[in-house]
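Chain by chain, the residues:
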Amino acid sequence: MVKKTLWVAVIGAGPAGYYTAEALSGGDDDVKVDIIDALPTPYGLIRAGVAPDHQSIKNVARRYEATNVRDNVRFVGNLALGRDLTLKELMELYDAVVLATGAPKDRPLGIDGEDLKGVIGSAAFVGWYNSHPGFTDLNPDLNVPSVAVIGNGNVAVDVARVLAKTAEEMETSDLADHAAEKIHSSPIKDIYLLGRRGPLEASFTPKELGELANLHNCVALVDPEQLPSNWEDETLTGAQKKNMTILRSMSDNTPDMKPIRLHIAFYRRPMAILGQEVACGLRLEHTIVTVDGQCEGTGESEVIPAGVIVPCIGYRTTPIQDVPYNEDRGHFDNVDGKIFDGLYCAGWAKRGPSGTIGTNKPDGQEIAQKILSEVTPSGKKGRAGLDAIIKKRDLQIVTFQDWKKIDAAEQEAAEGPSPRAKIADVETMVRIAKS
């Protein structure tokens, strides 16, 4: 008796999708996985979210490539759910579908003025300087003297650092050419990195924070009054202690040390963005952190100038029709990754935007094990059925071998020590892929 194939479609070719596919495909050739992504390029946030000057982090893509070359795994790029086919169609073709779509939408600030020109969510801003095809036409006006970055996580630190670095400091990065031109010709002199709570509650890592202390043209400034006393260090975690050491060293800096000033400020809650049509400033309320960790306003406020404001306060998964969605947490409703029979979710689509790239590995393994233990092959068409739809609708998909052509073209186009010159136009990528 011929054993039936278990067909699984993973929607999203980022870390969560690849770790899920890796766990599903590693032990049984009768399990076949199609990794489907709307973009012609794999790797999700590894390509479009990790900072362009953090090339070592991107090396995890080599692990994902090893999954892609397995006989029972296929990458199907340039195929978008909703645009090219429906979730219902996929569920009719595959025994299980995993939504690993990430959280590509910015969480709103919820304050007056956030719809003004010059207010740019971090998903859009990071996508712009990382050559994401969806944000190449963002065209932010960086001809401003000051920028405010709202948030105390690593994304906020990334945005501030990329804005502050010189062209020479970024020459080994894959910063988008269109972004490099604007950033390195900008007259920005003041960058504000703002957190509504204190330094002990900040979620940036010591490694990321430490990079801000070694910028060529930018001095990091910290008000020593906002830092805890040394005697409190005994109660801190290892990461907190390292952060305090770095912040205390920054508190000795003076504004005249370098031409650009990075003001790292805590206990500042955004209350309103000022301006008529274009943002020109940000009203902040001073806060305190209570003994139970809550942030409370003091009633005291200040206004800082800012022609560009980048909120880095979290992300939300894009809802999909007929899929239960948790509006409060911004991800799909699920129980341990299961949405309902045949439909699962992994990564940020499952738990919200939390953790590191590596956090997705146990998450993907858990979802894979759940599918393998409770889903029975039913004789569905799987890949053959998907290929029939692709042919009937004359869709231009990009396979992993096609992607390798794009990859090679980007590396060949790189100048100097840069690893690649990213292509941001989908039509160009598809043309190269099919050449």
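All of the points below concern the structure found in this document. Position numbers for residues start from 1 in each chain and track the written sequence from start to end. With pLDDT at 70 or above as the cut-off, local features in this predicted model cover only qualifying residues; side-chain atom pairs require 80 or more to be listed or tallied, and sums for whole chains, interfaces and linings still use all residues. Remark: hydrogens and water are excluded; side-chain values derive from all non-hydrogen atoms of the structure.

**Remarks on the sheet that holds strand β13 (residues 308-311)**
Now for step 1: Here five strands make up an open sheet; going across it, the order is β8-β9-β7-β6-β13 and the pairing parallel. Strand pairing shows two members of the sheet lacking a second neighbour, β8 (218-222) and β13, which therefore form its edges. Each neighbouring strand pair of the sheet contributes to a mean axis angle of 15 degrees, computed without reference to strand direction.
Now for step 2: Strand pairing is assigned whenever DSSP detects at least two bridges linking the two strands. Helical segments are the DSSP runs of H or I of at least four residues, strand segments are the runs of E of at least two, and each set is numbered from the N terminus. The pairing of β8 with strand β9 (residues 260-265) spans five bridges and is classified as parallel. Axes, fitted as lines to C-alpha atoms, cover a helix only where it is in contact. Angles between the N-to-C directions of the axes lie from 0 to 180 degrees.

**With respect to the environment of phenylalanine 125**
Now for step 1: Inspection of the secondary structure puts phenylalanine 125 in helix α5 (residues 122-129).
Now for step 2: Categorising residues by exposure relies on relative accessible area from a 1.4 Å probe, with only protein chains included: less than 20% of the type maximum marks a residue as buried, more than 50% marks it as exposed, and the intermediate range marks it as partly exposed. Here phenylalanine 125 falls in the buried class, since its relative accessible area comes to 0%.
Now for step 3: Considering only alpha carbons, one finds phenylalanine 125 and glycine 49, 76 residues apart in sequence, at a separation of 10.0 Å.
Now for step 4: Any pair of residues with heavy atoms lying within 4.5 Å of one another is described as a contacting pair. What phenylalanine 125 contacts, discounting residues up to four positions off in sequence, is Ile120, Leu138, Pro140, Leu142, Val159, Leu163 and Val310.

**Overview of the pairing of strand β10 (residues 268-275)**
Now for step 1: In this structure, β10 lies alongside strand β11 (residues 279-289), joined through seven bridges in antiparallel fashion. Paired with alanine 272 across the two strands is arginine 283, which belongs to β11.
Now for step 2: Hairpin geometry of β10 and β11 is characterised by an intervening segment of three residues between the two adjacent antiparallel strands.

**A word on the pattern of salt bridges**
Now for step 1: For this analysis, a salt bridge means a side-chain nitrogen from Lys or Arg found within 4 Å of a carboxyl oxygen belonging to Asp or Glu. Applying the stated criterion across every chain yields a total of 30 salt bridges.
Now for step 2: Note that aspartate 341 is salt-bridged to lysine 338, the shortest N-O span being 2.9 Å.
Now for step 3: Shared partners join several salt bridges into a network, and the residues in it are Asp53, Asp158, Arg161, Lys165, Lys207, Glu208 and Glu211.

**Examining the packing of aromatic side chains**
Now for step 1: We call Phe, Tyr and Trp rings a pair once their centres come within 6.5 Å, taking the six-membered ring for Trp, and we label the pair stacked below 30 degrees between planes, edge-to-face above 60, and tilted otherwise. In this structure the tally under the stated criterion is nine aromatic pairs.
Now for step 2: With centroids separated by 5.8 Å and ring planes inclined at 45 degrees, the aromatic side chains of tyrosine 18 and tyrosine 43 adopt a geometry described as tilted. One end of the pair, tyrosine 18, is in helix α1 (residues 15-25); the other, tyrosine 43, is in the loop between β2 (31-36) and α2 (45-48), with 25 residues separating them in the sequence.
Now for step 3: Geometrically, the ring pair formed by tyrosine 43 and tryptophan 403 is edge-to-face, given 6.1 Å between the ring centres and 90 degrees between the ring planes. Here tyrosine 43 is found in the loop between β2 and α2, whereas its partner tryptophan 403 is found in helix α13 (residues 400-413), with 360 residues between them in sequence. The residues tyrosine 43 and tryptophan 403 share a single accessibility class, namely buried.

**Here's the deal with the pairing of strand β12 (residues 295-305)**
Now for step 1: Across eight bridges, the pairing between β11 and β12 is antiparallel. Within the sheet, the bridge partner assigned to leucine 284 lies in β12 and is glutamate 302.
Now for step 2: Counting the residues that bridge the hairpin from β11 to β12 gives five residues, and of these glycine 293 lies at a positive phi of roughly 85 degrees.

**Some words on helix α7 (residues 177-184)**
Now for step 1: When α7 is considered as a whole, its buried residues turn out to be Ala179, Ala180 and Ile183. Buried residues of α7 fall within an arc of 100 degrees about the axis and therefore sit on the same side. Opposite the buried face of α7, at more than 90 degrees from it, the exposed residues are Asp177 and Glu181.
Now for step 2: Among the structural elements, α5 and α6 (154-164) are those in contact with the buried residues of α7. Taking the helix axis as origin, the arc is that swept by the directions to the C-beta atoms.

**Focus: the packing of α1 against helix α11 (residues 360-374)**
Now for step 1: Their axes nearest at 8 Å, the elements α1 and α11 cross at an angle of 45 degrees. With respect to α11, the axis of α1 lies oblique. Here α1 runs over α11; the crossing is right-handed. Across from Pro15, Ala16, Tyr19, Thr20, Ala23 and Leu24 in α1, the residues of α11 making contact are Asn360, Lys361, Gly364, Gln365, Ile367, Ala368, Ile371 and Leu372.
Now for step 2: Each residue receives one of three labels: charged for Asp, Glu, Lys and Arg, nonpolar for Ala, Val, Leu, Ile, Met, Phe, Trp, Tyr, Cys and Pro, and polar for the others, Gly being one of them. In terms of residue class, the contact of α1 with α11 is built from nine nonpolar, four polar and one charged. Convention used here: angles under 35 degrees read as roughly parallel, angles over 145 as roughly antiparallel, angles from 65 to 115 as roughly perpendicular, and any remaining angle as oblique. Left-handed describes a crossing whose near helix is turned anticlockwise from the far helix by less than a right angle; the clockwise case is right-handed.

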